[in-house]
Amino acid sequence: MGYSADIANNGAEAIKALELKNYNLIFMDIQMPEMDGLEATRIIRSSSLDRVDPCIPIVAMTAHTLQEDRDMCFKAGMNDFISKPLSSETLSAPLQRWLTKKAPKEK
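Residues numbered from 1 in each chain as written. Predicted model: local features only at pLDDT ≥ 70, side-chain atom pairs only at ≥ 80, totals over all residues. Heavy atoms only, no water.

## Focus: the pairing of strand S2 (residues 58-62)
For step 1, the next point in the chain: Of all five residues making up S2, five are buried, and the element is well covered by its neighbours.
For step 2, the next point in the chain: Where burial is concerned, the two faces of S2 agree: the one with Ile58, Ala60 and Thr62 and the one with Val59 and Met61 are both buried.
For step 3, the next point in the chain: As defined by bridge partners, strand S1 (residues 26-29) adjoins S2 across four bridges and the pair is classed as parallel. Counted as the bridge partner of Met28 is Ala60 from S2.
For step 4, the next point in the chain: Following the backbone out of S1, through helix H2 (residues 37-45) and into the adjacent parallel S2, one traces a crossover that is right-handed. (Buried < 20%, exposed > 50% of the residue type's maximum accessible area, 1.4 Å probe, protein only. Helix = DSSP H or I, 4+ residues; strand = E, 2+ residues; numbered from the N terminus. Pairing = 2+ DSSP bridges. Right-handed = clockwise from strand over helix to strand, strands pointing away.)

## What to know about helix H3 (residues 67-76)
For an α-helix, the turn length of 3.6 residues means that residues three or four places apart are oriented alike.
For step 1, the next point in the chain: For H3, the complete set of buried residues consists of Asp69, Cys73 and Ala76. Projected onto a plane normal to the axis of H3, the buried residues spread over an arc of 65° and lie on a single side. Residues of H3 that are exposed and angled more than 90 degrees away from the buried face: Gln67, Glu68 and Lys75.
For step 2, the next point in the chain: On its buried face, H3 is in contact with H2, S2 and strand S3 (80-83). (Arc of directions from axis to C-beta. Contact = heavy atoms within 4.5 Å.)

## Things to note about unusual backbone geometry
For step 1, the next point in the chain: Note that the residue after Lys84, namely Pro85, is joined by a cis bond; omega there is 5°.
For step 2, the next point in the chain: Its location among the elements puts Pro85 in the loop between S3 and helix H4 (88-99).
For step 3, the next point in the chain: Backbone geometry places Glu34, a non-glycine residue, at a positive phi of 70°.
For step 4, the next point in the chain: Turning to its location among the elements, Glu34 is positioned in the loop between S1 and H2.
For step 5, the next point in the chain: Judged by its relative accessible area of 74%, Glu34 is exposed.

Bear in mind that shape data such as this cannot, by itself, settle questions of function.
Laid out in C-alpha coordinates, this is it:
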(Lines give C-alpha, C1' and ligand atoms only; values in the text may rest on other atoms or scores of the structure.)
Protein backbone atom coordinates (compact mmCIF):
# COMPACT_ATOMS: atom_id res chain seq x y z
CA MET A 1 0.00 0.00 0.00
CA GLY A 2 3.04 2.24 0.08
CA TYR A 3 3.15 2.87 3.82
CA SER A 4 5.80 1.90 6.33
CA ALA A 5 5.18 0.85 9.90
CA ASP A 6 7.00 0.51 13.18
CA ILE A 7 6.02 -2.13 15.72
CA ALA A 8 5.67 -1.69 19.47
CA ASN A 9 5.25 -4.75 21.67
CA ASN A 10 3.14 -2.94 24.27
CA GLY A 11 1.56 0.41 25.02
CA ALA A 12 4.60 1.74 26.85
CA GLU A 13 6.79 1.09 23.79
CA ALA A 14 4.17 2.77 21.58
CA ILE A 15 4.25 5.91 23.71
CA LYS A 16 8.04 5.93 23.70
CA ALA A 17 8.06 5.61 19.89
CA LEU A 18 5.62 8.53 19.61
CA GLU A 19 7.92 10.70 21.71
CA LEU A 20 10.81 9.97 19.34
CA LYS A 21 9.15 10.11 15.94
CA ASN A 22 6.13 11.68 14.24
CA TYR A 23 3.45 9.34 12.93
CA ASN A 24 0.33 9.89 10.84
CA LEU A 25 -1.77 7.10 12.35
CA ILE A 26 -1.65 4.43 15.03
CA PHE A 27 -3.06 0.92 14.80
CA MET A 28 -3.45 0.10 18.51
CA ASP A 29 -3.95 -3.45 19.69
CA ILE A 30 -6.23 -3.57 22.70
CA GLN A 31 -4.62 -6.48 24.51
CA MET A 32 -0.90 -6.06 25.06
CA PRO A 33 1.35 -6.91 27.99
CA GLU A 34 2.68 -4.28 30.39
CA MET A 35 0.31 -1.52 29.17
CA ASP A 36 -2.75 -2.28 27.07
CA GLY A 37 -3.96 -0.23 24.14
CA LEU A 38 -6.77 1.43 26.08
CA GLU A 39 -4.41 2.86 28.69
CA ALA A 40 -1.88 3.90 26.05
CA THR A 41 -4.63 5.72 24.16
CA ARG A 42 -5.76 7.53 27.30
CA ILE A 43 -2.19 8.70 27.89
CA ILE A 44 -1.81 9.87 24.27
CA ARG A 45 -5.11 11.75 24.46
CA SER A 46 -4.18 13.40 27.78
CA SER A 47 -1.81 15.69 25.82
CA SER A 48 0.63 15.57 28.70
CA LEU A 49 3.37 14.11 26.52
CA ASP A 50 5.95 16.29 24.83
CA ARG A 51 6.18 15.93 21.05
CA VAL A 52 3.05 13.75 20.85
CA ASP A 53 0.09 14.97 18.82
CA PRO A 54 -2.92 14.22 21.06
CA CYS A 55 -5.17 14.30 17.96
CA ILE A 56 -3.35 11.57 16.01
CA PRO A 57 -5.86 9.08 14.59
CA ILE A 58 -5.87 5.86 16.62
CA VAL A 59 -7.48 2.74 15.18
CA ALA A 60 -8.39 -0.04 17.62
CA MET A 61 -7.40 -3.56 16.60
CA THR A 62 -9.08 -6.39 18.48
CA ALA A 63 -10.72 -9.77 18.16
CA HIS A 64 -13.46 -8.56 20.52
CA THR A 65 -16.29 -7.33 18.31
CA LEU A 66 -19.22 -6.73 20.65
CA GLN A 67 -20.74 -3.26 20.72
CA GLU A 68 -19.55 -2.82 24.31
CA ASP A 69 -15.98 -3.50 23.15
CA ARG A 70 -16.32 -0.86 20.45
CA ASP A 71 -17.80 1.59 22.95
CA MET A 72 -14.91 0.98 25.35
CA CYS A 73 -12.41 1.78 22.59
CA PHE A 74 -14.17 4.99 21.59
CA LYS A 75 -14.53 6.03 25.23
CA ALA A 76 -10.75 5.65 25.65
CA GLY A 77 -10.27 8.08 22.75
CA MET A 78 -9.83 5.87 19.71
CA ASN A 79 -11.13 7.15 16.37
CA ASP A 80 -11.86 3.91 14.56
CA PHE A 81 -12.19 0.18 15.09
CA ILE A 82 -11.17 -2.88 13.06
CA SER A 83 -11.54 -6.48 14.07
CA LYS A 84 -9.19 -9.41 13.71
CA PRO A 85 -8.40 -11.43 11.75
CA LEU A 86 -6.89 -8.70 9.62
CA SER A 87 -6.73 -8.58 5.86
CA SER A 88 -5.33 -6.04 3.43
CA GLU A 89 -8.89 -4.75 2.88
CA THR A 90 -9.44 -4.42 6.65
CA LEU A 91 -6.25 -2.37 6.99
CA SER A 92 -6.83 -0.36 3.83
CA ALA A 93 -10.19 1.12 4.88
CA PRO A 94 -8.97 3.13 7.92
CA LEU A 95 -5.83 4.20 6.05
CA GLN A 96 -8.00 5.66 3.31
CA ARG A 97 -10.44 7.15 5.82
CA TRP A 98 -7.83 8.86 8.02
CA LEU A 99 -4.95 9.57 5.65
CA THR A 100 -6.73 10.61 2.46
CA LYS A 101 -5.32 14.13 2.63
CA LYS A 102 -1.83 13.00 3.64
CA ALA A 103 0.73 11.21 1.53
CA PRO A 104 2.56 8.29 3.16
CA LYS A 105 5.56 9.53 5.15
CA GLU A 106 9.01 8.61 4.02
CA LYS A 107 10.84 6.82 6.80
